[in-house]
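# Observations on the model geometry
Listed below are the residues making up each chain.
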Amino acid sequence: MKIVAVTACPTGIAHTYMAADVLNKTAHQMGIKIQVETQGAMGIEHFLTAKNIACADIVLIASDIEVEQRARFTGSRIHCVTIEEVLVDATAVIERCQQLCQ
């Protein structure tokens, strides 16, 4: 399974990067490939290309705000959660992504 994800929070500082970190660690522990784009105070980092998105089974948007350039994900399977959901139980979030792809 391959997930591409976007994390973003209103201030774009701590929670954006904390969520990206926990998603990376949890997915790795579960044997799932993931690539995470952050949209924080520094702008978009680790930008997901059209090729990255096309190769993914699902797009996970973990955000409390509207993500930038969301049109890139049109036509993809998308699962939206809050930043808090990721920080509280990233395993459950990734498991839901797996279930949506079955």
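Quick caveat: nothing in here was measured; it's all calculated off a predicted structure.

### With respect to the UniProt feature "domain: PTS EIIB type-2" (unreviewed entry) in the protein
Under the present numbering, the feature "domain: PTS EIIB type-2" (unreviewed entry) in UniProt falls on residues 1-99. Its end C-alpha atoms 11 Å apart, residues 1-99 is made of 40% helix and 28% strand.

### Re the nonpolar core
Of all hydrophobic cores here, the largest spans 20 residues; its most connected members are Ile3, Leu23, Ile34, Leu60 and Val86. For this core, the secondary-structure elements that each account for two or more residues are β1 (2-8), α1 (14-30), β2 (33-40), β4 (58-63) and α3 (83-100). At 6 residues, α3 tops the list of elements feeding residues into this core. Once residues within four sequence positions are removed from consideration, isoleucine 34 is found in contact with Ile3, Ala5, Leu23, Asn24 and Ala27.

### So, the pairing of β2
The element β2 is largely enclosed, with a buried count of 6 among its 8 residues. Where β1 lies against β2, 7 bridges are found, and the strand directions are parallel. Counted as the bridge partner of threonine 7 is threonine 38 from β2. Traced from β1 through α1 to β2, the parallel crossover comes out right-handed. Relative to strand β3 (residues 43-45), β2 is paired through 3 bridges, and the arrangement is antiparallel. Bridging across to β3, glycine 40 finds its partner in glycine 43. If you look at the hairpin formed by β2 and β3, you'll find 2 residues sitting between the two strands.

### Here's the deal with the sheet that holds β2
Taking strand neighbours across the sheet as the criterion, the 5 strands line up as β3-β2-β1-β4-β5 in an open arrangement whose pairing is mixed. A strand with exactly one partner marks an edge of an open sheet, and here the two such strands are β3 and β5 (78-81). Strand after strand, the sheet turns through a mean of 15 degrees between neighbouring axes, direction not considered. Where β1 lies against β4, 6 bridges are found, and the strand directions are parallel. Within β4, the residue paired with valine 6 across the bridge is isoleucine 61. On the sheet, α1 packs against β1, β2, β3 and β4 and is oriented at approximately 180 degrees with respect to β2. Most of the contacts of α3 go to β5, to which it runs at about 160 degrees, and overall it touches β1, β4 and β5.

Rules used throughout
- The residue count restarts for each chain, going from 1 along the sequence in the order it is written.
- It should be noted that, the model being predicted, local features are given only for residues of pLDDT at least 70 and side-chain atom pairs only at 80 or more, the latter also being counted only at that level, while totals for whole chains, interfaces and linings use all residues.
- The side-chain values count all of the structure's non-hydrogen atoms but skip hydrogen atoms and water molecules.
- UniProt positions are given in the numbering used here, feature names are shortened, and annotations may be inferred rather than shown by experiment.
- The secondary structure listing takes helices from DSSP runs of H or I that are at least 4 residues long and strands from runs of E that are at least 2 residues long, numbered from the N terminus.
- Residue types Ala, Val, Leu, Ile, Met, Phe, Trp, Tyr and Cys, when buried and joined through side-chain atoms within 4.5 Å, form a set referred to as a nonpolar core.
- Categorising residues by exposure relies on relative accessible area from a 1.4 Å probe, with only protein chains included: less than 20% of the type maximum marks a residue as buried, more than 50% marks it as exposed, and the intermediate range marks it as partly exposed.
- Contacts are residue-level and defined by heavy atoms, with any inter-residue pair within 4.5 Å sufficient.
- Here the rule is simple: two strands pair whenever DSSP picks up at least two bridges between them.
- The handedness of a crossover follows from its direction of travel: if, with the strands pointing away from the viewer, the path from the first strand over the helix to the second runs clockwise, the crossover is right-handed.
- Only the stretch in contact is used when fitting a helix axis, every axis being a line fitted to C-alpha atoms; angles between N-to-C directions are given from 0 to 180 degrees.

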